[in-house]
Every structure is written in structure tokens, then in C-alpha cells.
Amino acid sequence: MTNFIPIFPLNIVVFPGEEVNLHIFEPRYKQLVKECFSDAKPFGIPPVINNQVGEMGTLVKVQEMVKVYDNGEMDIRIKGVSVFRVLEIIKIIPDKLYSGAIVNYPESNETGSPALMKKVLTSLRTMHSLLKVSKQFKHSDEKLTAYDIAHHAGLSIEEEQELLGLTQEIQRQEYLNRHLGRILSILKETESLKEKIKLNGHFKNAGSIDF
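Keep in mind that this is a model prediction, so the values were computed, not measured.

1. Considerations on the overall build of the protein chain
Next up, step 1: Along its length, the protein chain carries 5 helices and 8 strands.
Next up, step 2: What you see for the protein chain is a C-alpha radius of gyration of 22 Å, clearly larger than the 17 Å of a compact globule of 211 residues, by over 25%.
Next up, step 3: Split into buried and exposed, the 211 residues of the protein chain put 36% on the buried side.
Next up, step 4: Of all intrachain contacts in the protein chain linking residues separated by at least 6 positions in sequence, the fraction that spans at least 24 positions is 64%.
Next up, step 5: About 13,000 Å² of surface is accessible on the protein chain, with carbon and sulfur atoms providing 53% of the total.
Next up, step 6: With 26 positive and 27 negative side-chain charges, the protein chain shows a spacing of 4 Å between the two charge centroids.

2. Some points on the pairing of strand β7 (residues 74-90)
Next up, step 1: Note: strand β2 (residues 19-24) against β7, 6 bridges, orientation antiparallel. What sits directly across from isoleucine 24, in β7, is methionine 74.
Next up, step 2: Both strand β6 (residues 56-68) and β7 contribute to a ladder of 11 bridges, which runs antiparallel. Bridge pairing links glycine 57 to phenylalanine 84 in β7.
Next up, step 3: Turn length for the β6-β7 hairpin, with the two strands adjacent in sequence and antiparallel, is 5 residues, and the turn residue glycine 72 shows positive phi of about 90 degrees.

Each value, and the rule that gives it
Residues numbered from 1 in each chain as written. Predicted model: local features only at pLDDT ≥ 70, side-chain atom pairs only at ≥ 80, totals over all residues. Heavy atoms only, no water. Helix = DSSP H or I, 4+ residues; strand = E, 2+ residues; numbered from the N terminus. Rg over C-alpha atoms; globule rule 2.2 N^0.38 Å. Buried < 20%, exposed > 50% of the residue type's maximum accessible area, 1.4 Å probe, protein only. Contact = heavy atoms within 4.5 Å. Areas by Shrake-Rupley, 256 points an atom, 1.4 Å probe, with all protein chains shown as cover. Lys, Arg positive; Asp, Glu negative; His and termini not counted. Charge placed at Lys NZ, Arg CZ, Asp CG, Glu CD. Pairing = 2+ DSSP bridges.

Right, dumping it as C-alpha cells:
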């Protein structure tokens, strides 16, 4: 399916199912949000990377108008709905301050591998443990998807954009598995180096070696 949507380019990646809080202050996006909220229509957030609008983005809907300020600025809560591909950006729309885009929606396969996801989650929690951070997820392990944990895996915005472009859950799981494997290798080397530094200057066991 191909259609036109209003767009709100941002330097973030929003994943389907994710809820994000935004503060809206620019006149063009205040207009966009007001219209989309009142008409119960979605809009698109394509990531901006290196001053370029990304090819892939996420259709979102306004879940809640949390607060409207006296100057018209707004705090809103949005939720990601589905991934789209930008076919053409329409910079000027009659009577509108914001821009839009012609988009389509790639077919997606949401069936992943439970065994691979278990491995990914083990690696993710090991990384968090090494970094001494604590994360809670909104679902049980059996219900978690790659999208649910992607923002907690230490991906760059470029890598998050790549993940967004993968149309199969198994591909997203494999992507995270490779990424976490690289990160853990670096972190474990760092931990080993820290231990070596701690030992420097301490008395060491001087056992003899048979030769």
C-alpha cells in the first residue's frame, strides 16, 4: 500500500510498539500534532542522520496529549505503529506549515527464534551487568521482540536505522546477536585490563616453575 502522510523528521529512531514522550514547540509541528490528534490520524517519524532524512521511518499515533502550555507548546505521548519506506518527500503542502511524504509499507514477518532471542537476552543482561546498569522490560522474556530491547543494546542511531530496515524478526534478532557479541568482547577485554591494573603494585604469589 502506498499513501501520503505528514512527517515529523527527528534525530531519533522510534520502533513499532515503543512509546515515546515528546515536547512540541515548533509552530509547524504544533500544527501537525493538533491536526493528527483531533482527527485521530497517524504521522511519520523518519530519522534524521547527518542532516539527511532516512529512507525508513515509523508511523506513529498520538496516545495522549499530556500537557498544553499557554504558548501552545505541548507534551505528548506517541506510540510506534508500523515501519514505512519514504518514496518521495513533499516539502510544501498547501495551507500547511509541515511537510509530508509518499510512503509504502514493507511486508514484515514477526516470527523469530525463541532460542536465538534467549541468547540475545542473556548477552544483553551480561552487558548491562558489566556496565552496572539495570533495565526493566515491559513484557516477560517469552513475549519480548527485537524492537522491545533495541534501545537498550547500545546501538548508534545509524545501527538503529539499519535494524528498522530489517523486515523479518529473525533478521533483527541476528543483528542484535552479532552487535552484542562485539560489545561483550570489548567489555570483557576492558574488565580484564582493569583487573591487571588493580594488581599492579600488589604482592603476587611467587610460585616456582619446574623446568
